[in-house]
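# Architecture and fold: a report
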Amino acid sequence: MRKIFSIFVLCGLLVCNSFSKAAESRFIFQEGHNEDISSSSFSGDGKWFASADSSCIKVWEVSSGRLLKTIKAKSIWNCSLSYDGSFLVYVHFIDYSHVDVVLYDIENESSEILETMQMYETVAAFSPSGKYLIVNDRLYDFNSKSVIKRLSKYADIDSFSAKEIKWSPDESKVLVSSARRISEYSVLTGKILNTLATSDYSGSPIAYSASGDFIAYSDDSKIKVLGCASFVEVA
């Protein structure tokens, strides 16, 4: 049942993303995952979609729903596509003290380890333009694969951890969900702009609106919407 539900959610994401083109496109998956979908990502140009379970990542063409590639891997935690869908970054769980952040060249079918992190709570995400890549608190220039900035950690914890990270549409901010906390950071300075306490120890799902003026998150089985300027609840 959970597998069927996950596939249904994935189909729903694709249909909703292209709702304005509903008259032109219909999405029918010819094959899906054999395990629960744990992570998903659209490319920045909206043409490609990746979905991951614990043992593989599948890349789909959005306009047709056609499966383009299946990437076999083990213990995948999250995945993110570059702007044009040519690269994929994913987190490979090794043990509870080590994970590999892997860059995968989809066209050439080659991979490299960007970094090995000494913490299991690790999230990686391409920026909408694909120029940048964030791995927990490390902001990378994608072309040079070098760290150009570090985000500030909280004063009351020893290390930076993240359950989920989302970029604002204009790439000026990132939203970080961690245990019982959601924070918004300035990409320019790396400093915290806003923070919010939540009741979800496992980390709340988060999302920016298309304009970047609002964020949505779940807490206590409720979906809440905040204005980014003040983090005041509006819905």
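As the structure is a prediction and not an experimental result, all values here were calculated from the model.

## Some points on the sheet that holds strand 9 (residues 124-126)
Remark on secondary structure: sheet strands pair via backbone hydrogen bonds, oriented parallel or antiparallel. Strand order in the open sheet formed by four strands is 9-10-11-12, with antiparallel pairing between adjacent strands. Each of the sheet's edge strands pairs with one partner strand only, and the pair in question is strand 9 and strand 12 (146-150). Neighbour-to-neighbour, the strand axes of the sheet open up by a mean angle of 25°, direction not taken into account. Strand direction decides the pairing type here: strand 11 (residues 138-141) and strand 12, joined by four bridges, are antiparallel. From the neighbouring strand, Y140 faces strand 12, where its bridge partner is V147.

## Points about the packing of aromatic side chains
In total, this model carries five aromatic pairs according to the counting rule given. Between the aromatic rings of F42 and F49, the centroid separation amounts to 4.6 Å while the plane-to-plane angle is 65°, which identifies the pairing as edge-to-face. Classification of F42 by relative accessible area gives partly exposed; the value is 24%. Looking at F49, the relative accessible area reads 1%, which means it is buried. The interplanar angle of 10° and the centroid separation of 5.0 Å between the aromatic rings of W77 and F93 together place this pair among those described as stacked.

## A look at the confidence of the model for the protein
Considering every residue of the protein, the mean pLDDT works out to 81; 82% of them sit at 70 or more. When the criterion is pLDDT under 50, residues 1-25 qualifies, and its contacts beyond four places in sequence or with other chains add up to 29 contacts.

## Here's the deal with the side chain of S168
With respect to the helices, strands and loops of the structure, S168 is situated in the loop between strand 13 (164-167) and strand 14 (173-178). Note on S168: relative accessible area 1%, which makes it buried. In this structure the side chain of S168 is engaged in a polar contact, spanning 2.7 Å, whose partner is the side chain of D170. S168 has contacts with P128, K173 and Y208, leaving out every residue within four places of it along the chain.

## Comments concerning the environment of T189
Its location among the elements puts T189 in the loop between strand 15 (181-186) and strand 16 (192-197). You can call T189 partly exposed: its relative accessible area is 44%. Separated by 16 residues in the primary sequence, T189 and K173 have C-alpha atoms spaced 9.8 Å apart. Within polar-contact distance, the side chain of T189 engages the backbone nitrogen of K191 at 3.2 Å.

Criteria and thresholds
- Residues numbered from 1 in each chain as written.
- Predicted model: local features only at pLDDT ≥ 70, side-chain atom pairs only at ≥ 80, totals over all residues.
- Heavy atoms only, no water.
- Pairing = 2+ DSSP bridges.
- Helix = DSSP H or I, 4+ residues; strand = E, 2+ residues; numbered from the N terminus.
- Axes fitted to C-alpha atoms, helices over the stretch in contact; angles between N-to-C directions.
- Phe/Tyr/Trp six-rings, centres within 6.5 Å; stacked < 30°, edge-to-face > 60°.
- Buried < 20%, exposed > 50% of the residue type's maximum accessible area, 1.4 Å probe, protein only.
- pLDDT = per-residue confidence, 0-100.
- Contact = heavy atoms within 4.5 Å.
- Polar contact = N/O pair within 3.5 Å; in protein donor to acceptor, adjacent residues only side chain to side chain.

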